[in-house]
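Commentary on secondary and tertiary structure
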Amino acid sequence: MKVAVPLFNSRVSPRFDFAAKLLLVTITEGKITDRQEFSLINLNPIKRTSLLCELKVNVVLCGGISCFAERFIKAHGIEVFALVQGEVEEVLALFINGELSSAIIPIIPETRLRNHCRLKRKRTGRRKTVISEQ
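Residues numbered from 1 in each chain as written. Predicted model: local features only at pLDDT ≥ 70, side-chain atom pairs only at ≥ 80, totals over all residues. Heavy atoms only, no water.

1. Quick notes on helix 1 (residues 45–54)
Of all the residues in helix 1, the buried ones are Arg48, Thr49, Leu51 and Leu52. Buried positions in helix 1, seen along its axis, are confined to an arc of 155° and lie on one side of it. For helix 1, the elements touching its buried residues are strand 1 (2–8), strand 3 (21–28), strand 4 (31–39), strand 5 (59–61) and helix 2 (67–75). Looking at where helix 1 begins, the residue whose side-chain oxygen comes 3.0 Å from the main-chain nitrogen of Ile46 is Asn44. Following helix 1 by one or two positions, Lys56 has its phi on the positive side, about 60°. (Buried < 20%, exposed > 50% of the residue type's maximum accessible area, 1.4 Å probe, protein only. Helix = DSSP H or I, 4+ residues; strand = E, 2+ residues; numbered from the N terminus. Arc of directions from axis to C-beta. Contact = heavy atoms within 4.5 Å. Polar contact = N/O pair within 3.5 Å; in protein donor to acceptor, adjacent residues only side chain to side chain.)

Below, the structure written as structure tokens:
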């Protein structure tokens, strides 16, 4: 299995879309057997996804990721674990042991998040329809 992790120094990058480097690890029988780093500088989401496909990546572990990039990656059969935070080595160990959920950032429930985004658009004037607050 090949796992890709966007890097920010020794940590999982807070944003896949802006990470400068990508760590690719090969996991065989529960152990990391190979690791390589790739530059992501000046690669847009489409080129980043193409790189993931060329490298035959199975899983991406990342922090934040744009909806477009996540959908595009998933459309190519690559599994995405977003909102992951922490030191890369710790995150990889948690992933290998099936305990990755402890490295995932808790977020507000989806319905509250959607309402928050709508209210924010309403305040900035980007959306003209009035949305009732719940």
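Moving on from the coordinates now.
2. Observations concerning the pattern of salt bridges
Close approach of charged atoms allows side chains with opposite charge to pair. Taken as a whole and judged by the stated rule, the model has five salt bridges. In this structure, Asp17 engages Arg15 in a salt bridge whose closest nitrogen and oxygen atoms are separated by 3.2 Å. Residue Asp17 is classed as buried on the basis of its relative accessible area of 13%. In this structure, the salt-bridge partner of Lys74 is Glu70, at a minimum N-O distance of 3.2 Å. Taken together, the residues Lys74 and Glu70, both in helix 2 and four residues apart, mark about one turn of the helix. (Salt bridge = Lys/Arg side-chain N within 4 Å of Asp/Glu carboxyl O.)

3. Structural notes on the packing of aromatic side chains
This model, assessed by the stated rule, comprises two aromatic pairs. Arranged with centres 5.6 Å apart and planes meeting at 15°, the rings of Phe68 and Phe72 form a pair that is stacked. Here Phe72 and Phe68 lie together in helix 2, a separation of four residues that amounts to about one turn. Since its relative accessible area comes to 42%, Phe68 is described here as partly exposed. For Phe72, a relative accessible area of 24% corresponds to the partly exposed category. Ring centres 5.9 Å apart and planes at 70° place the aromatic pair Phe81 and Phe95 in the edge-to-face group. (Phe/Tyr/Trp six-rings, centres within 6.5 Å; stacked < 30°, edge-to-face > 60°.)

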